[in-house]
Amino acid sequence: AVSIDEVASTLKTLGLDTVPQAPNTYPTLNPVDIYRSHITEELVKITGIDAKIVYPLLAWTTKAENGDLQLAVPALRQKDKKADAFAQEIVDKFPESPLIEKPVVKQEKWVGFFFKPAPLTSLVVPMILKSGPAYGFNMNLGLRDPADPAQGRKKMIVEFSSPNIAKPFHAGHLRSTIIGGFLANLYEGAGWDVYRMNYLGDWGKQYGVLALGFDQFGSEEELVKNPIGHLYDVYVKISKIAADEADQVKTAKAKIVELKEKSENTSALEADIKKIEETGVDQQARDYFKCMVDGEEKALGLWKRFRDLSIEKYKQTYARLNIRYDEYSGESQVSEESMETAAKLMAEKGVTEDSEGAVIVDFTKHVKDPKKDAKEMKKLGKAIVKKKDGTSLYLTRDIGEASTRYEKHKFDNMIYVVASQQDLHLAQLFKIMELMGHTDISTRCQHINFGMVLGMSTRKGTAKFLDDILRDVGDKMHEVMRSNDDKYKQVEDPVKTADTLGISAVMVQDMKGKRINNYNFDMDRMTSFEGDTGPYLQYAHARLCSIHRKVSQAVSDIPSDLSTADLSLLNEPHAIEVVRQLAAWPDMFLNTVKTQEPTTVLTYLFKMVHTISSSYDHLQVVGSEREVMLARLALYGAARQVLNNGMRLLGLSPVERM
Ligand code: ARG
């Protein structure tokens, strides 16, 4: 990173004696902070208005012609002054500055500020080259107390992916994995202490069903080779038997009604039903699951093997997406004790009530202020927290788990990355925590939701597993690459590259829009090198990497520290436009922390790579005169770094060649 002294000495050569630094700003991390602080200082002198009011009003413009930063004069709230006249007064009084041009009034009530190009370049390019992979990130944001780092960092639990064992890994899990991985990186980049958690669906009667199925259809060899696929196959087969039995019972019951009307004998059918009900898959599964709950070693042992082998396999797949977990928890890990404690508390506080032998929460009975929360409570409706037979449910386990996590981690925030189909479930969970009096927990929890993926299928049929999807997209990518023969021959390891590009294709398509939007899983579109796709972003990165490679091959003595190049030579409009955008990256990062939307990053990255790609014809590197070449190499090196940082934040693996 650059030191404050380095920034100070750059500013000194420009003619500023002190580093402008408003409170809670970071002149060594974010070049635009320097500009905001500088403009604020001048505005305070001119208007006498408090810096605290002025500083936050300096905002990015949407159009370059309005300047880099703008000030909405009415927002200064000076009752005795007319906004348009005041805007003019500010412009007239604004002194000559080494950093910015003379400001201008825009649309009567706005003041536009334009960064002077040369000083901006001299601040931004060295800052990027020296900060490297850290540029844009800001580890101070996660400090408990920025003034006293010894207080430590804020803790965040991100729970994401959370698939169900022996069930398909569906689109909802895919999105949770991608978005959750991104959010974890985001908070880590902001200096939080992030704990990544996978909450597996690994408990319930269906794991009794699975065990029975394994007894009948399982193969030890298949289990070890392909646990996820094999367990799923077994589960499908045994579920079919269970479903057939349920059908038989239903038909028999209907038949009995018929026979009884005719006063005929039904005892044979009744015996059939009894047999199924006593010895069928469903009852056996219940019994088996009861053994698991009671902690019987044999039952638990088998289930644990299924779980462990599945996790091992998942770990490999997650690694391809640059994701690792601090903990594989799951519904099975929720202790009976935590659920009992919660049940007691809920009863004590009158949150729950009995209903035909079950225990429920009727939210409509917990309206505190009809004007405020009646509608909300009506929406939440009723929820069961204990079944008639005394067993727990999905919701019950989430209640127990939330308290346990809080006791264990004392997190400042916890994010659940789950599809919007479960909006109601999580809203009920958070409200129950609140009603129980655990507002310390409920106020720290957040549901990050997202829309559906439409038409997600592999070319062989409906997609079931993450691996199939990734393999299929990799194959498709390989085909796309092969269609350009010349280029294809130069790729060193085409299979591996196709795999990485395919993963990028899936991830970028997923993160391109707002999270809540649904999107179509469009294999042709996402694997194209044209348009705003993953492969296009990778191509842009590889091309920036190739510039440095080509120069190194052509010229032998390139200085390792390019920030010493004569950056004043970067004076073409295209170079200046690239620098302006690179300067904005730290602010984009901050903005992303606010929006929690990966599209904030992607929109910026695509705009940036478009600017870069249209600059190439104007800013030749190889073949230019040495000093110019070095300056441009520094510029493109900085651009590569920013693109790389953005891609890593999203969870992509930037490629150097393709
Ligand atoms: N396993 C669940 C499912 O596939 C998702 C779990 C979400 N997280 C939670 N704490 N409920 O639907």
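Residues numbered from 1 in each chain as written. Predicted model: local features only at pLDDT ≥ 70, side-chain atom pairs only at ≥ 80, totals over all residues. Heavy atoms only, no water.

Observations concerning the sheet that holds strand 8 (residues 352-355)
The 3 strands are arranged 8-9-10 in an open sheet whose pairing can be described as antiparallel. A strand with exactly one partner marks an edge of an open sheet, and here the two such strands are strand 8 and strand 10 (382-386). The average angle at which neighbouring strand axes cross in this sheet is 40°, direction not considered. Pairing of strand 8 with strand 9 (residues 358-362) involves 4 bridges; the strand directions are antiparallel. By the bridge assignment, E353 is partnered in strand 9 with I360. (Pairing = 2+ DSSP bridges. Helix = DSSP H or I, 4+ residues; strand = E, 2+ residues; numbered from the N terminus. Axes fitted to C-alpha atoms, helices over the stretch in contact; angles between N-to-C directions.)

Thoughts on helix 22 (residues 534-554)
Taking 1.5 Å per residue, 21 residues should reach 30 Å; helix 22 reaches 31 Å between its end C-alpha atoms and fits that length. The N-cap residue of helix 22 is T533: its side-chain oxygen and the backbone nitrogen of Y536 are 3.1 Å apart. (Expected span 1.5 Å × (residues − 1). Polar contact = N/O pair within 3.5 Å; in protein donor to acceptor, adjacent residues only side chain to side chain.)

Looking at the sheet that holds strand 4 (residues 110-113)
Reading across from one edge, 1-2-4-3 is the order of the 4 strands in this open sheet, with antiparallel pairing throughout. In this open sheet, the two edge strands, each paired with only one partner strand, are strand 1 (58-60) and strand 3 (104-106). This sheet shows a mean twist of 40° between the axes of neighbouring strands, independent of strand direction. With 3 bridges connecting them, strand 3 and strand 4 associate as antiparallel partners. Paired with K106 across the bridge in strand 4 is W110. Against the sheet, helix 2 (residues 31-47) engages strand 1, strand 2 (69-72) and strand 4, with an angle of about 145° to strand 1. (Contact = heavy atoms within 4.5 Å.)

Here's the deal with unusual backbone geometry
The backbone phi angle of N24 is positive, close to 55°, even though this residue is not glycine. Position of N24 among the secondary structure elements: in the loop between helix 1 (4-14) and helix 2. Non-glycine residue A166 carries a positive phi angle of around 70°. Mapping A166 onto the fold places it in the loop between strand 5 (155-159) and helix 6 (171-189). Overall, A166 belongs to the buried group, its relative accessible area being 8%. (Buried < 20%, exposed > 50% of the residue type's maximum accessible area, 1.4 Å probe, protein only.)

Focus on the side chain of D362
Here D362 shows up in strand 9. Accessibility expressed as a relative area gives 6% for D362, which makes it buried. Among the polar contacts made by the side chain of D362, one reaches the side chain of T364 at a distance of 2.5 Å. Beyond its immediate stretch of four places on either side in the chain, D362 contacts E353, G381 and K382.

Describing the side chain of Q538
Mapping Q538 onto the fold places it in helix 22. With residues near it in sequence (within four places) discarded, Q538 still touches T500, L501, S504, M647, S653, P654, V655 and M658.

Concerning the environment of V334
As for its placement among the helices and strands, V334 is situated in the loop between strand 7 (327-330) and helix 13 (336-348). Each C-alpha atom of the pair V334 and K106 lies 60 Å from the other, and the pair is 228 residues apart in sequence. Discounting chain neighbours no more than four positions away, the residues touching V334 are Y199, M339, R397, G400 and E401.

Digging into the site of the ligand
Surrounding the ligand, one finds E159, S162, N164, H173, Y199, Y394, D398, Y416, V418, Q422 and H425. Between a nitrogen atom of the ligand and a side-chain N or O atom of E159, the distance comes to 2.8 Å. Grouping the constituent residues of the shell around the ligand by class yields 4 nonpolar, 5 polar and 2 charged. (Near = heavy atom within 4 Å. Nonpolar A, V, L, I, M, F, W, Y, C, P; charged D, E, K, R; others polar.)

Details of the packing of helix 23 (residues 573-595) against helix 25 (residues 626-650)
The interhelical angle for the contact between helix 23 and helix 25, taken along N-to-C directions, is 30°, at an axis separation of 10 Å. Classified by the interaxial angle, the pair formed by helix 23 and helix 25 is roughly parallel. Here helix 23 and helix 25 pass one another in a crossing that is left-handed. Seen from helix 23, the contacting residues are A575, V578, V579, L582, W585 and F589; seen from helix 25, they are L635, A638, A639, V642, N645, G646 and L649. Its residues placed into classes, the contact of helix 23 with helix 25 shows 11 nonpolar, 2 polar and no charged. (Parallel < 35°, antiparallel > 145°, perpendicular 65-115°, else oblique. Left-handed = near helix turned anticlockwise from the far one by under 90°.)

Focus on the environment of S338
Looking at where S338 falls in the secondary structure, it is placed in helix 13. Residue class for S338 comes out buried when judged on its relative accessible area of 14%. Along the primary structure S338 and R397 are separated by 59 residues, whereas in three dimensions their C-alpha atoms are 8.8 Å apart. Apart from the residues within four sequence positions on either side, S338 is in contact with G400 and T404.

Keep in mind that these numbers describe shape and distance, not what the molecule does.
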